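Read off the chains here:
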Amino acid sequence: MRATERTGGGRARTGVAPPGADGGVPLARSLPGASYTDEGLFRREREAVLYRDWFCVGRAEMLAGPGEYLVADVAGESVIVVRGGDGRLRCFYNLCRHRGSRLVPPAAGGRPGGGPAEPDATCGAGRAGHGRFAGAIRCPYHAWTYGLDGSLRSAPFLPDLRQHRAKLALHPVEVDTWGGFVFARLEPGAGGPLAARLGRIPARLARYPLAGLRTGATLRYEVAANWKVIVENYNECYHCGPVHPELCDLVPAFARGGAGLDWDAGVPHRDGAYTFTATGTTRRAPFPGLSEAELNRHKGELILPNLMISLSADHVAAFTLWPRSAGRTTVICDFLFHPDEIARPDFDPSDAVRFWDLVNRQDWRICELVQDGMTSRRFAAGYLAPMEEPSADVGRYVARLLDPSAAHEGGE
Ligand code: FES
Ligand SMILES: [Fe+2]
């Protein structure tokens, strides 16, 4: 439910056929079905997209002090983000340079299938745990020990290795933050800085105190759908009428597919409503500093490949997607609140959590139906209605990263 930020999102004229290309049917084509269902193509996408772009791995609030770390599973690659004694965030592959042991055991994966959401903030596939190192990272196997900057500090009975500390440092991953979100790029130097990737999003959300917000609740889902099905679904509201009756009651324009909505200005609620809860109201105070429009409207942003942010005046629903295979994605939905609200003795996030859980389940169900349908031998590619045009950004983005030379020829 948001048009993609296009500055870094790609305008490559590849991957999505234009209207009329299909024997005169006046609709653009979606990506081919195999792009969503084929494991070989998923592995290509992992290398070219998920490991080469800025991937959101969590919130900086988990990494407040020296030694605090989080472990994240980025499409099958386990990484550690840690705050050093110098206050800097660093990120490494969760991989000992000696014999390859994991330094921090990744937690067991979540349950497959569209099971119920778990009120579980930290464990399972995706964001796989967090904690605090006591000044160093010690491998559980033979006790090679690394500093919080990743350099090898000691290796038992191998004093000669001291002079090779830098060479035997942990494999680095790029890390940066914006708005309290931590992003990692597993292929260092694969593209521009995070700020370029974010484009105008920080300016559009400048009045929301994102960096200072704290997580007050978390939902976690295992969705039997390709990650692109989920972000494409987020990027259009053509489906809102048939899929989200309660949401359309809250935002009447959604019942018309969101046509004509100006997302930059925020989408208006029905009279008397101003936030995403069943009643459209809440006891929580709005964030300080919002504009008059932001106090009454809803905003959304998609930061490809894996962060979707939905912003109400009093809370933010931040979704991170964790692709696991061509047909499976873990979705973690963090609810962010002002810390003053969380500190209140009567703090209760359930009005927002319940409403979002309802809408989320409606979305995941329909995404799973699409995913399952696309496995049919008769499915080649879908069609995109004009009001689904923002969804085509996803295909263009993936195509540009899969084949940068074709994107260039396409006139980018
Ligand atoms: S594998 Fe890490 S110390 Fe041996
Ligand atoms: Fe939806």
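Since we're looking at a predicted model, the values are computed, not measured.

Calculation rules
- Residues numbered from 1 in each chain as written.
- Chains lettered and ligands numbered in written order.
- Predicted model: local features only at pLDDT ≥ 70, side-chain atom pairs only at ≥ 80, totals over all residues.
- Helix = DSSP H or I, 4+ residues; strand = E, 2+ residues; numbered from the N terminus.
- Buried ≥ 20, exposed ≤ 12 C-beta atoms within 10 Å, placed from the backbone.
- Contact = placed C-beta atoms within 7 Å.
- Pairing = 2+ DSSP bridges.
- Axes fitted to C-alpha atoms, helices over the stretch in contact; angles between N-to-C directions.
- Core = buried A, V, L, I, M, F, W, Y, C linked by C-beta atoms within 7 Å.
- Parallel < 35°, antiparallel > 145°, perpendicular 65-115°, else oblique.
- Nonpolar A, V, L, I, M, F, W, Y, C, P; charged D, E, K, R; others polar.
- Expected span 1.5 Å × (residues − 1).

Asks: Which parts of the structure should I look at to understand the overall build of the protein chain?
Replies: A tally of regular secondary structure across the protein chain gives twelve helices and 18 strands. Out of the 412 residues in the protein chain, the part that is buried amounts to 47%. At a minimum sequence separation of 6, the contacts of the protein chain that also span at least 24 residues come to 67%.

Asks: Would you explain the sheet that holds strand E5 (residues 89-93) in this entry?
Replies: By way of backbone hydrogen bonds, the strands of a sheet pair with one another, either parallel or antiparallel. Taking strand neighbours across the sheet as the criterion, the seven strands line up as E2-E11-E10-E5-E4-E3-E6 in an open arrangement whose pairing is antiparallel. Edge positions in the open sheet fall to strand E2 (55-59) and strand E6 (127-132), since each of these has one partner strand only. Pairwise comparison of adjacent strand axes, ignoring direction, gives a mean angle of 25 degrees for this sheet. Looking at chain direction, strand E4 (residues 77-83) and E5 are connected through five bridges and run antiparallel. Bridge pairing in E5 places Val79 opposite Tyr93.

Asks: Whenever I open this one, the nonpolar core confuses me. Can you help?
Replies: Most often, soluble globular proteins have nonpolar side chains that are buried together. Val57, Val79, Ile80, Val81, Ala184 and Ile230 are the most contacted members of the largest nonpolar core, which has 105 residues in total. At seven residues, helix H10 (residues 350-373) tops the list of elements feeding residues into this core. Setting aside its immediate chain neighbours within four residues, Ala184 contacts Phe55, Val57, Val74, Val79, Val81, Cys91, Val173, Glu174 and Val175.

Asks: Help me understand unusual backbone geometry, please; the structure alone is not making it clear to me.
Replies: Among all residues except glycine, the phi angle is most often negative; among peptide bonds, the trans geometry is most common. Of note, the amide linkage connecting Leu304 to Pro305 takes the cis form, showing an omega dihedral of 10 degrees. With phi around 70 degrees, Ala143 is a residue other than glycine that occupies positive phi space.

Asks: In this structure, what is going on with the sheet that holds strand E7 (residues 136-138)? I would like to understand it.
Replies: Spatial ordering of the open sheet is given by E7-E8-E9, a layout of three strands whose pairing is antiparallel. Looking along the sheet, the strands with just one partner apiece sit at the ends: E7 and strand E9 (152-154). Each strand axis lies, on average, 35 degrees off the axis of its neighbour in the sheet, ignoring direction.

Asks: Sorry if this is basic, but what is going on with the packing of helix H5 (residues 227-234) against helix H11 (residues 389-402) here?
Replies: Packed helix pairs are specified by the crossing angle of their axes together with the interaxial distance, meaning the distance between the axes. The contact between H5 and H11 brings their axes to 7 Å, and the two run at 140 degrees. Relative to H11, the element H5 is oriented oblique. Contact with H5, carried on its side by Lys228, Val231 and Glu232, involves Ser391, Val394 and Val398 of H11 and no other residues of that element. A breakdown of the residues in the contact of H5 with H11 according to their chemical character gives three nonpolar, one polar and two charged.

Asks: Teacher, can you tell me more about H10 here?
Replies: Structurally, the α-helix is built with 3.6 residues per turn, so residues lying three or four positions apart point the same way. The terminal C-alpha atoms of H10, which comprises 24 residues, lie 34 Å apart, in line with the 34 Å expected from a rise of 1.5 Å per residue. Those residues of H10 that sit buried are Ala352, Val353, Phe355, Trp356, Asp363, Trp364, Cys367, Val370 and Gln371. The elements touched by buried residues of H10 are helix H1 (34-37), strand E12 (214-223), H5, strand E16 (316-325) and strand E17 (328-337).

Asks: How should I be thinking about the environment of Asn296 in this particular structure?
Replies: Secondary-structure assignment places Asn296 in helix H8 (residues 292-296). Residue classification places Asn296 among the partly exposed positions, given that 17 C-beta atoms sit within 10 Å. It is 8.1 Å that separates the C-alpha atoms of Asn296 and Ser312, two residues lying 16 residues apart in sequence. For Asn296, the residues in contact, after removing those within four places along its chain, are Pro268, His269 and Tyr274.

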